[in-house]
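Chain by chain, the residues run as shown.
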Amino acid sequence: MTKPIEIEASPQWGLKNEFQIELVMESDWHVGSGTGRPGNVDRLVIRDQDKFPFVPAKTVTGIWRDACELVALGLDDGNSNGSWLQLVKTVFGSQPSLVRESDRDELESGPTPAGLKITPARLSESLRTTLCQNHLSSFRQALTFVKPGIAIDPDSGSAKKDFLRFEEMARGGMRLTATCSLDLPVERIDRHAVSALLLAGARLVKHLGGKRRRGAGRCTLNVGNPKQFLDVVNWLETNNPNQNSHSTDESNAEQPLGNSKRPGQWFKVELKLELKTPLAIVTRTLGNVAETLDFVPGTYLLPFVTKLLKKIGFDPHPAFAGGELMVLPATPVVHNQRGLPVPFALSKDKLADDFEPEKVINRFKESASEQQMKPYREGFISDTTEKILPSFEKTHRSLLTHNVVEDQRQRPTEEVGGVYSREAIAAGTILRTELRFTQNILDELNKKENDWWKRLEETCRLGVSSKDDYGEVQVCVVSEPRFVTRTIPISEDTLTVWLVSDVLLRDAALRPTTDVCDLAQALERNLTGVTLKVQKPPMDQLITSLIRTRRIESWQTKWGLPRPSLVALAAGSCVQFAVTGTITADQLAQIEASGIGERRGEGYGQVRFNDPLLTSRLNDWKPVPDPKPEGGEEKKNDPGNGEPPKLVPKDDPDFAFFKQLETVVWQEAIERAALHLANEESNRKKVLGIKIKCSTDGKPESEPSLSQLGSLRAVIRKVQHHSEKTLIRDWVEHLRKTPNRKDKWPDGALKKVEGLIDDAHEAIWKVIESSAGKLPPVCTVDGETRLKEFLWPYALQTVVEAVLRAHKRDCEPRKGDTGYGA
């Protein structure tokens, strides 16, 4: 059950930093995914990872913002640059696509980031939990329905030809909830003004989604306690948004850590990132499609870690800059481990599955066979073990379509952005990363707080468009601080290097470089008395170096301008160096832990040396065994398995909607059963006793006559309740007293009609069960009793009308028939 929004009592009322909103859909609604099913449905409703309809956060934000702008415009007496409209910009962020060249202040100060962050509005937890039960699959399907539509020709006023379309609609009555958070500069913004603006704007939200001006999408946005709304109105009548001049004292007793680079043992804390919503890390834009990286760079995790460490009084900036504290890139989990980028030196048979034994080769040690080989260019593998092939996974991505609506035309236009698609790492993906640090950093953190790493367990927002539909991540701590260890094999004359993250290097002229010789020099600076040179391949078909580059683009959010591009050696690149001098395992372990190159605090510069995957032939390696699931034995996702179905109680806030779903499911089951009954003449005879005989001229003839059946249909349609079944009984009694009409009915037919309205009301349900089998399930308390009583008239009319319609159709001669039964 959704908790009510907490608002402090007047005059100290106001929304908390984190609160929930409730969206009640009062009519059928459509928020489209931008796709359809060819030949079936033209427009589909957008669904989440659990296949339930939802309202994207962009839609909620846009509708709410429009309402708040209307409130602000009224409070500013129509002044388009008033203080309330400026407050809207502070809460919802500026709109760079609408900034005019005359707005110099906006252009000079840069875009304003949104202070309000909203998650997508999803079905309430009680609904999701109940509908996930296996026996309620038909209820999940009933959440939506297909609605036909046409286009009207403006000249003729009639339907256009070839303009029939079908749109999927979500049913009205759904209750959706979303979580909002406010991150505003407290020293400059009056919180009461922000709360009043949001609460007043929520009252003006009446419709959302497609066709909202034609009856669809009617809704109510509930924020806060409705009883306190009068306090909001009274406050708005006498106040303006105050730009308070006081500032908070942000000084603290933090002692910055020096840049001392004391060598020593490295430690790590492993973190798990569970994506609650899709996560977009834009790497490039093609047309109107923004592509994403398949991992999360440490740069995006840096602000999150910095914020949490500052809460315990530790300033991590010097440690990050000095390379003593690092956040590694977050990569997908492979075989219950943090995935490593697949080495580019590996290739596979083009027709083989990924990492299939005897189909994968190491180009450093094995030449390409006669079959066509395909190099690996993306994906992640588990940690390697001698003679065991690692597991391989690719990051699952999703593609979502959005649009930017122009306020005046109220439709997407090219001037403000139009329709665009955003690729993202799919919701539900599990990523892992490491927070890596030296001994002196660990000592400093332990002085600040015991179990400080538990502070890292929090929900954060990452990536692009994180204020709405993207980037909600739950961070969990997998392990407490422990040593960074790995056994590194040593070769006297060869050093094999595998880049497990992007590496940023500069040459002698301090220019960014991707030259393998500069990589050798960067390693030599950490290996005293050692010289490295790219090894020459012993055979023509072997290689000793496979380097790819990555261009990294980033964005300055505050100014809305691009940062300088970074050119890096891409993760997965591999090189074999010829070694002159002596290399020790301790030296290599220190480099693996600390990394090389620039911006190591953001996870750049991670390397691996002499990995067995690159120093061995792979043709005799075995497949990796299946992993044990994390957290013990895997639980079967089977709600209600071996247990009685859970029924929704009457005090559940979604009880009314569950009743609506039950009614829809039962009505559809009744219609299917009625069609099945009417399909065969023998079934029609069992239900009503009617039959078809051959007339003297060989044509089919109904018994009783069609006029008598029409009279029966007219009487059945009048029955709207159990108490009105006497209408049918009186009609039968009157028929029996009229010989010229009674004789037209077959023997026993009128008795069968009376049998359908027996006192127990069970006859019609037995008829339906005889055709459809078991009646549909129910999900509410006393649901079956209530539905049988409420839908009794509907079941009676549907069955009788289906039988009579099919009977009449069979009585009509078909083209080419010479007689009944011919």
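Residues numbered from 1 in each chain as written. Predicted model: local features only at pLDDT ≥ 70, side-chain atom pairs only at ≥ 80, totals over all residues. Heavy atoms only, no water.

S.K.: Could you clarify how one ought to interpret the overall build of the chain in this entry?
M.R.: Scanning the chain for helices and strands turns up 22 helices and 39 strands. The buried share among the 822 residues of the chain stands at 47%. Taking as baseline every contact in the chain between residues at least 6 positions apart, the subset at least 24 positions apart corresponds to 74%. When the accessible surface of the chain is totalled, it reaches about 42300 Å², and 49% of it is carbon and sulfur. (Helix = DSSP H or I, 4+ residues; strand = E, 2+ residues; numbered from the N terminus. Buried < 20%, exposed > 50% of the residue type's maximum accessible area, 1.4 Å probe, protein only. Contact = heavy atoms within 4.5 Å. Areas by Shrake-Rupley, 256 points an atom, 1.4 Å probe, with all protein chains shown as cover.)

S.K.: Would you mind going over the packing of helix α15 (residues 681–688) against helix α22 (residues 792–811) with me for this structure?
M.R.: A pair of packed helices can be characterised by two numbers: the angle between their axes and the separation between those axes. Contact pair α15 / α22: the axes reach a minimum separation of 10 Å and the direction vectors enclose 130 degrees. In this view, α15 runs oblique relative to α22, as classed from their interaxial angle. Of the two elements, α15 crosses α22, and the hand of that crossing is left-handed. Across the interface between the two elements, Arg 684, Val 687 and Leu 688 from α15 touch Val 799, Val 800, Val 803, Leu 804, Ala 806, His 807 and Asp 810 from α22. For the contact of α15 with α22, a count of residues per class yields seven nonpolar, one polar and two charged. (Axes fitted to C-alpha atoms, helices over the stretch in contact; angles between N-to-C directions. Parallel < 35°, antiparallel > 145°, perpendicular 65-115°, else oblique. Left-handed = near helix turned anticlockwise from the far one by under 90°. Nonpolar A, V, L, I, M, F, W, Y, C, P; charged D, E, K, R; others polar.)

S.K.: Which parts of the structure should I look at to understand helix α10 (residues 439–448)?
M.R.: Structural remark: α-helix, 3.6 residues per turn; residues separated by three or four positions point the same way. All of the buried residues in α10 are Asn 440, Ile 441, Leu 442 and Leu 445. Buried residues along α10 sit in contact with β8 (266–275), α8 (298–310), α9 (317–322), β11 (325–327) and β23 (430–438).

S.K.: Looking at this structure, I do not really get the side chain of Ser 126. What am I missing?
M.R.: Tracing the sequence through the fold places Ser 126 in helix α4 (residues 125–131). What makes Ser 126 buried here is its relative accessible area of 15%. The contact partners of Ser 126, leaving out residues within four places of it in the chain, are Arg 175, Asp 652, Asp 654 and Phe 658.

S.K.: So what exactly am I meant to see when it comes to the nonpolar core here?
M.R.: Most often, soluble globular proteins have nonpolar side chains that are buried together. Ranked by internal contacts, the top residues of the largest apolar core, which has 67 residues, are Phe 19, Ile 21, Leu 23, Trp 64, Leu 116, Leu 198 and Val 223. Ranked by size, the runner-up nonpolar core spans 41 residues in total, among them Ile 670, Val 687, Val 753 and Leu 775. (Core = buried A, V, L, I, M, F, W, Y, C linked by side-chain atoms within 4.5 Å.)

S.K.: I'm lost on unusual backbone geometry in this one. Help?
M.R.: For residues other than glycine, phi is negative in most cases, and the peptide bonds are mostly trans. Cis rather than trans, the peptide bond between Glu 703 and Pro 704 has omega equal to 10 degrees. Summarising the element assignment, Pro 704 is placed in the loop between β39 (700–703) and α16 (706–718).

S.K.: What is the right way to read the side chain of Arg 432 from this model?
M.R.: Residue position: Arg 432 is located in strand β23. A relative accessible area of 8% means that Arg 432 is categorised as buried. Side chain to side chain, Arg 432 and Glu 270 meet in a polar contact 3.2 Å long. (Polar contact = N/O pair within 3.5 Å; in protein donor to acceptor, adjacent residues only side chain to side chain.)

S.K.: Looking at this structure, how should I read the pattern of salt bridges?
M.R.: When charged atoms on two side chains of opposite charge get close, those side chains can pair. Following the criterion strictly, the structure yields 47 salt bridges and no others. Asp 50 is the partner of Arg 128 in a salt bridge, and the nearest nitrogen-oxygen pair spans 2.7 Å. Here the residue Arg 128 occupies a position in helix α4, and Asp 50 occupies one in the loop between β1 (18–25) and α1 (57–75), the gap between them amounting to 78 residues. By relative accessible area, which is 9% here, Arg 128 ends up buried. (Salt bridge = Lys/Arg side-chain N within 4 Å of Asp/Glu carboxyl O.)

S.K.: Just checking my understanding: could you explain the sheet that holds strand β18 (residues 380–381) for this structure?
M.R.: The strands making up a sheet associate through hydrogen bonds between their backbones, and the pairing can be parallel or antiparallel. The strand order β14-β18-β19 describes an open sheet built from three strands, whose pairing is antiparallel. The open sheet has two edge strands, β14 (340–341) and β19 (392–393), and neither has a second partner. Note: β14 against β18, two bridges, orientation antiparallel. Paired with Pro 341 across the strands is Phe 380, a residue of β18. (Pairing = 2+ DSSP bridges.)

S.K.: Mind showing me how you'd approach the packing of aromatic side chains here?
M.R.: How two aromatic rings sit relative to each other is set out by the distance from centre to centre and by the angle between their planes. Applying the stated rule across the entire model yields ten aromatic pairs. With centroids separated by 6.5 Å and ring planes inclined at 10 degrees, the aromatic side chains of Phe 267 and Phe 437 adopt a geometry described as stacked. Here the residue Phe 267 occupies a position in strand β8, and Phe 437 occupies one in strand β23, the gap between them amounting to 170 residues. Each of the two residues, Phe 267 as well as Phe 437, counts as buried. Summarising the aromatic geometry, the rings of Tyr 376 and Phe 392 are spaced 5.4 Å apart at their centres and angled 55 degrees between planes, so their arrangement reads as tilted. Of this pair, Tyr 376 sits in the loop between β17 (373–375) and β18 while Phe 392 sits in strand β19, and the two are 16 residues apart along the sequence. The two residues Tyr 376 and Phe 392 agree in class, both being buried. Three or more aromatic residues joined by ring pairs make a cluster, and in this case those are Phe 267, Phe 437, Trp 452, Trp 453 and Phe 483. For Arg 122, the ring lying beneath its charged end belongs to Phe 54, and the centroid distance is 5.1 Å. The cationic tip of Lys 160 hangs over the ring face of Phe 163; the distance from NZ or CZ to the ring centre is 4.9 Å. (Phe/Tyr/Trp six-rings, centres within 6.5 Å; stacked < 30°, edge-to-face > 60°. Lys NZ or Arg CZ within 6 Å of the ring centre and 35° of its normal.)

S.K.: Help me out: how do you make sense of empty space enclosed by the protein in this one?
M.R.: Using a probe with the size of a water molecule, rolled over the atoms, empty space left in the structure can be pinpointed. Across all of its chains, the model carries three cavities of 30 Å³ or more by this definition. Of the pockets and cavities examined, the largest cavity occupies roughly 50 Å³. Around the largest cavity, the lining residues are Leu 271, Leu 273, Leu 301, Phe 304, Val 305, Val 327, Thr 433, Glu 434, Leu 435 and Val 475. For the lining of the largest cavity, the elements supplying multiple residues, two or more each, are β8, α8 and β23. Looking at the lining of the largest cavity residue by residue, the classes come out as eight nonpolar, one polar and one charged. (1 Å grid on protein atoms, 1.4 Å probe; cavity = no way out; pocket = protein on both sides within 12 Å on 5 of 7 lines; lining within 4 Å. Points joined across faces, edges and corners; volume = space filled by probe spheres on them.)

S.K.: I would appreciate a short explanation of the pairing of strand β27 (residues 494–499) in the present structure.
M.R.: Looking down a regular strand, the side chains alternate between one sheet face and the other. Of all six residues that make up β27, six are buried, and the element is covered over most of its length. The side-chain alternation of β27 yields two buried faces, one formed by Thr 494, Thr 496 and Trp 498 and the other by Leu 495, Val 497 and Leu 499. Inspection of the sheet shows β27 paired to strand β36 (residues 574–580) by five bridges, in the antiparallel sense. For Thr 494, the partnering residue across the bridge sits in β36 and is Ala 578. Across three bridges, the pairing between β27 and strand β37 (residues 607–609) is antiparallel.

S.K.: I tried to follow helix α2 (residues 83–92) on my own but got confused; where do I start?
M.R.: The buried fraction of α2 amounts to seven of the ten residues, a majority that puts the element mostly inside the structure. Buried within α2 we find Trp 84, Leu 85, Leu 87, Val 88, Thr 90, Val 91 and Phe 92. On its buried side, α2 packs onto α1, β2 (116–118), α6 (191–203) and α7 (229–238). Gly 93, located one to two residues past α2, shows a positive phi value of around 85 degrees.

S.K.: Any chance you could explain the environment of Glu 423 here in plain terms?
M.R.: Within the secondary structure, Glu 423 sits in strand β22 (residues 418–425). Sequence-wise, Glu 423 and Arg 397 are 26 residues apart; in three dimensions their C-alpha atoms are separated by 6.8 Å. In this view, Glu 423 contacts Ala 280, Ala 290, Glu 291, Thr 292, Arg 397, Ser 398 and Leu 399; residues no more than four positions away in its chain are not counted. Engagement of the side chain of Glu 423 in a polar contact is seen with the backbone nitrogen of Thr 292, the distance being 3.0 Å.

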